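Each chain is listed here by its residues.
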Amino acid sequence: NRSRESGGNIKLGSAEFSFSAGVSQAYNDNIGLSPSKHQDDFITSPHFGVAADWPISELNSLNANFEIGYNKYWKNPNLDTTSLLISPTSELEFNFYIKDIHFKAHEGLSIQQDPVTLSQLSNLSTFRRLTNTAGLDAEWDLNKIKLNGGYDHYTFNSLEDRFKFLDQATDSIKGGLGFQIAPPYLVGVQGSCSRTEYDQKFQNNSTAYTIGGFGNAKFSEHLEGQVTVGYQTSSFDRDGSVGDNTD
């Protein structure tokens with residue numbers, strides 16, 4: 001992969017905007033994710049981004065990041081992006097405080113066509129889909145005790161009719177409790193629960209749980225370490241027409 005970037009900043013009142021533009025070049029020796037018939041191509045991806053930071057007050061701020069792009073396949077032009085792509089890093093974020101509790105409301109939107117991240121699919125060169133994650137996180141710093149929690153709603157929508165059976169929504173809650181045993185060490189426990197439901201009764205809906213411990217150490221502004229250990233379990237319904245009755 002090769003990439004080239006350029007950028008600049010503009011300030012309007014208390015809000016600051018930064019712009020970036022670039023192009024990346026990649027070579028893929030198996031664009032169709034085929035186990036036997038490999039097909040290669042060179043892919044050129046220009047992209048443009050804008051980020052905004054608006055400190056509404058001393059403690060509250062609004063931040064936004066938005067990036068669009070396009071993929072050009074030189075050997076297989078039929079795979080060229082038919083509309084603009086939106087990077088998964090695109091997000092709107094609002095930070096605010098209620099007394100000593102820090103809240104972060106966020107929403108992220110993306111439109112992608114690379115199927116590599118989807119384990120359910122193979123022998124496929126492109127798969128256009130829209131994903132959106134919206135949620136609210138909270139942190140409460142009680143000096144030696146740190147509490148955190150959050151809720152996220154994630155939606156996955158295929159932009160191709162043949163893959164509508166993958167459309168789904170996931171609701172997740174999470175929480176954690178940390179103890180400052182001594183600067184700069186923080187240890188604690190954390191857990192989460194999520195429920196995934198499909199729009200169509202083809203795939204099995206599922207519920208997942210995680211629980212574990214963590215340890216953080218921040219030695220300086222630029223040096224910190226983290227270790228986590230945990231357990232995860234999932235259970236699946238058995239009413240999907242796919243006929244998979246395993247857990």
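Look up: the structure comes first, before these words.
Just so you know, these numbers come straight off a predicted model, no measurement behind them.

Colleague: I keep staring at the packing of aromatic side chains and nothing clicks. Help me out?
Modeller: The relative placement of two aromatic rings is captured by the distance of their centres and the angle of their planes. Within this structure, the stated rule accounts for 9 aromatic pairs. Geometrically, the ring pair formed by Phe94 and Phe96 is stacked, given 5.1 Å between the ring centres and 25 degrees between the ring planes. Aromatic pair Tyr185 and Phe219: ring centres 6.4 Å apart, planes at 85 degrees, arrangement edge-to-face. With Tyr185 in strand β12 (residues 185–198) and Phe219 in strand β13 (residues 206–220), this residue pair connects regions lying 34 residues apart in the sequence. Among the aromatic side chains, those forming a connected cluster through ring pairs are Phe127, Phe156, Phe163, Phe165 and Phe202. The ring of Trp74 has Lys72 lying over it, and the distance from NZ or CZ to the ring centre is 5.4 Å.

Colleague: Would you mind going over the layout of surface pockets with me for this structure?
Modeller: The method is simple in principle: a probe with the dimensions of a water molecule rolls over the atoms, and the space it marks as empty is what remains. Empty space within the largest pocket amounts to approximately 710 Å³. Forming the boundary of the largest pocket are 29 residues, of which Glu139, Lys146, Asn148, Leu186 and Asn216 lie nearest the centre. Where the lining of the largest pocket is concerned, the elements lending two or more residues are β8 (101–112), β9 (129–142), β10 (145–158), β11 (168–182), β12, β13 and β14 (223–236). Tallied by class, the residues present in the lining of the largest pocket amount to 8 nonpolar, 12 polar and 9 charged.

Colleague: Would you mind going over the pattern of salt bridges with me for this structure?
Modeller: Side chains that carry opposite charge are capable of pairing whenever their charged atoms lie near each other. This structure, assessed with the given rule, holds 10 salt bridges. Measuring nitrogen to oxygen at the nearest pair gives 3.5 Å for the salt bridge that ties Asp167 to Lys164. With relative accessibility at 30%, the residue Lys164 sits in the partly exposed group. Lys201 serves as the salt-bridge partner of Asp239, at 3.8 Å between the closest nitrogen and oxygen. Within this pair, whereas Asp239 is found in the segment after β14, its partner Lys201 is found in the loop between β12 and β13, the two being separated by 38 residues in sequence. Judged by its relative accessible area of 52%, Lys201 is exposed.

Colleague: How should unusual backbone geometry be read in this particular structure?
Modeller: Across the chain, the bulk of peptide bonds are trans and the bulk of non-glycine residues have phi less than zero. The residue after Pro183, namely Pro184, is reached through a cis peptide bond having omega 5 degrees. Turning to its location among the elements, Pro184 is positioned in the loop between β11 and β12. Positive phi, normally seen in glycine, also occurs at Lys99, with a value near 55 degrees. Assessed through its relative accessible area of 80%, Lys99 is described here as exposed. Positive phi, close to 65 degrees, is recorded for Asn143, a residue that is not glycine. Within the secondary structure layout, Asn143 lies in the loop between β9 and β10.

Definitions and cut-offs
- Within any chain, residue numbers begin from 1 and follow the written order of that chain's sequence.
- Per-residue local features of the predicted model are confined to residues with pLDDT of at least 70, and side-chain atom pairs are confined, for both listing and counting, to 80 or more; whole-chain, interface and lining totals are unaffected and use all residues.
- Only hydrogens and water are set aside; all other atoms, that is, all heavy atoms of the structure, feed into the side-chain values.
- Aromatic pairing here means that ring centres of Phe, Tyr or Trp (its six-membered ring) are within 6.5 Å. Orientation follows from the plane angle: under 30 degrees is stacked, over 60 is edge-to-face, and everything else is tilted.
- A run of DSSP states H or I qualifies as a helix once it reaches four residues; a run of E qualifies as a strand once it reaches two. Both are numbered from the N-terminal end.
- Any Lys NZ or Arg CZ that is within 6 Å of a ring centre and within 35 degrees of that ring's normal is treated as a charge sitting over the ring.
- Every definition here rests on a 1 Å grid over the protein atoms only: cavities are sets of points where a 1.4 Å probe fits but cannot get out, pockets are open sets enclosed by protein on both sides within 12 Å along at least five of seven lines, and lining residues have some atom within 4 Å of a point.
- Grid points are joined across faces, edges and corners, and a volume is the space filled by probe spheres set on the points.
- For this classification, Asp, Glu, Lys and Arg are treated as charged, while Ala, Val, Leu, Ile, Met, Phe, Trp, Tyr, Cys and Pro are nonpolar and the rest, including Gly, are polar.
- In the sections that follow, a salt bridge refers to a side-chain nitrogen of Lys or Arg positioned within 4 Å of a carboxyl oxygen of Asp or Glu.
- Burial classification: accessible surface area is computed with a 1.4 Å probe over protein chains only, and a residue below 20% of its type maximum counts as buried, one above 50% as exposed, and the rest as partly exposed.

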